[in-house]
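# Summary of the model geometry
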Amino acid sequence: MRQRSVLLILLVGMLVAQSDADLVSISLDSASILRFDENTGVFLGTLVPAGSGGLSSPRGLAYGPDGDLYVTDLFSNSVLRYRGSDGGFVSAFVPSGSGGLSGPRNLTFGPDGNLYVVSRDTDSVLRYNGTTGASLGVFVSSRSGGLDNPVDLAFGPDGHLYVSSINTNNVLRYHGATGAYLGAFASGGGLRSPRGVAFGPDGNLYVVSQGTNSVLRYNGSTGGFMGVFASGGGLTMPIGLAFGPDGHLYVGTRSGNIIRYHGTTGAFIDVFVPAGRGGLGGSAFLVFTPRRVHGTVSLLDFVGDPTGVSVVMELRRPGETTALETRTLSLDSTSRYALHTTRMGRYDVSVKASHWLRQTLRNVLLQSDTPLNFTLTNGDIDGDNEVTLFDFGQLVAAFGSMPGDSNWDPDADLDGDEEVTLFDFGVLVRNFGSIGDD
């Protein structure tokens, strides 16, 4: 009987330990970051207490590609970094005022892996190196396209950047690579004092209209108004929004509640986290903890060191070829990788390495812990995702070469032994005519 009880306790402990993830929210009144169970809304504890690392006025938050949590602090004009696992302070990732940062609001990591931060006092968006925090300059220049009092930003499926502009009552679009103004994307439909912006699982743009206490939906391709998506249920002074792993929409409010709406119809479901729970006072922006994707990338016909191989992963909407997110993978000596992503739901996941063909895993469900293994076919020397006579010609040109030779071509060294020989010809012959996935 005692053994059975002990077994039950162990099983319960395992279930708790394997909890999917958390809902993380700023608490404006207590200047802290709180955690709630993503399934029940139960308070799980304070992730980042007020004062940690100098935190005094959190305004925006985002998980980085490394799984750590990045928080803007209004009073110090900085971005602070905390461990994603336990909220421990790591560093002032963007030091006070770096790059001209003033009045920072929300932030996001772009498809290029760099960090983009709204600088509200300067009506601009600043860019920082996603690894070091070093300033990369102004990305969206001050008041570009009429930007006035910006607060939130999001990269769209098209790779461009969308920024809410409170005083002009619209969402402006900027080129995702250059920051050049592309026009007013979403307006009308009664949009007033826009705050949070997010692209939903359907590819459309959802915008918090604080002035009307509602969330409006706009066509993700054209910006056309599609109607009021969510309202009611006590929605008062909404600020931030996020789609959860259940596909539903969660909205944080200045009044303190976090309210859940049906992700397809917009119907009110419940007050997922009521004001005051766990000390929640004034929910601003909110996020769900990132999903861990990990596994192996098997590089066929290769005897070299996988740590030196360039491998790129793309996350795409199922059936599409445009990348929503592009990540460079770091392989270890056993060809294993691991990364974190805040994207949830089903995606096509594609991997391409330097002289290997692309492999795409279709309709993958990204959960709290997702193992994904890839096996790549060798021989694509010219990088066109096919093994053809063009690759043969490139190999012939490099035949007999070693590093330092004038005709050395590392991509022609298919087997990775630092010499282009008949073994590389053998690899190409075996895989000749192969074509990679889209």
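Higher on the page you've got the structure.
Residues numbered from 1 in each chain as written. Predicted model: local features only at pLDDT ≥ 70, side-chain atom pairs only at ≥ 80, totals over all residues. Heavy atoms only, no water.

## Regarding the nonpolar core
Proteins that are soluble and globular tend to have nonpolar side chains buried together. Applied cut-off: Working definition of a nonpolar core: buried Ala, Val, Leu, Ile, Met, Phe, Trp, Tyr and Cys residues. They are joined through side-chain atoms within 4.5 Å. Exposure is judged per residue with a 1.4 Å probe applied to protein chains only, and the accessible area is read against the type maximum: over 50% gives exposed, under 20% gives buried, and values in between give partly exposed. Put simply, DSSP H or I for four residues or longer makes a helix, DSSP E for two residues or longer makes a strand, and each gets a number counted from the N terminus. It only takes one pair of heavy atoms within 4.5 Å for two residues to be counted as in contact.
Core analysis: the biggest nonpolar cluster contains 23 residues, and Val297, Met313, Tyr337 and Phe374 have the highest contact counts within it. Only β25 (291-299), β26 (311-316), β27 (323-329), β28 (336-341), β29 (345-353), β30 (359-366) and β32 (374-376) provide two or more residues apiece to this core. Every residue in contact with valine 297, bar those within four places of it in the chain, is listed here: Val311, Leu329, Leu331, Ser335, Tyr337, Val351, Phe374 and Leu376. Formed by 19 residues, the second largest nonpolar core is a distinct cluster that contains Leu28, Ile33, Leu80 and Ala284.

## Side note on the sheet that holds strand β16 (residues 194-199)
Counted only if it meets this: Being paired, for any two strands, means DSSP has found at least two bridges between them. To obtain an axis, a line is fitted to C-alpha atoms, over the contacting stretch when the element is a helix, and the angle between two such axes runs from 0 to 180 degrees between their N-to-C directions.
Strand order in the open sheet formed by 4 strands is β16-β17-β18-β19, with antiparallel pairing between adjacent strands. Both outer strands of the open sheet, β16 and β19 (225-231), are each paired with one neighbouring strand and no more. If you compare each strand with its neighbour and ignore which way they point, the axes differ by 25° on average. In this structure, strand β17 (residues 205-209) lies alongside strand β18 (residues 214-218), joined through 5 bridges in antiparallel fashion.

## Brief notes about the packing of aromatic side chains
Spelled out, the test is: Each Phe, Tyr or Trp ring, with Trp reduced to its six-membered ring, pairs with another whose centre is within 6.5 Å; inter-plane angles below 30 degrees give stacked pairs, above 60 give edge-to-face pairs, and intermediate values give tilted ones.
Taken as a whole, this structure holds 18 aromatic pairs when the rule is applied. Relative to phenylalanine 155, the ring of tyrosine 116 has its centre 5.0 Å away and its plane inclined at 75°; by these criteria the two rings are edge-to-face. In this pair, tyrosine 116 is assigned in strand β9 (residues 115-119) and phenylalanine 155 in strand β12 (residues 150-155), connecting sequence segments 39 residues apart. When sorted by exposure, tyrosine 116 lands in the same class as phenylalanine 155, which is buried. Measuring from ring centre to ring centre gives 5.1 Å for tyrosine 250 and phenylalanine 288, while their planes differ by 75°; the resulting arrangement is edge-to-face.

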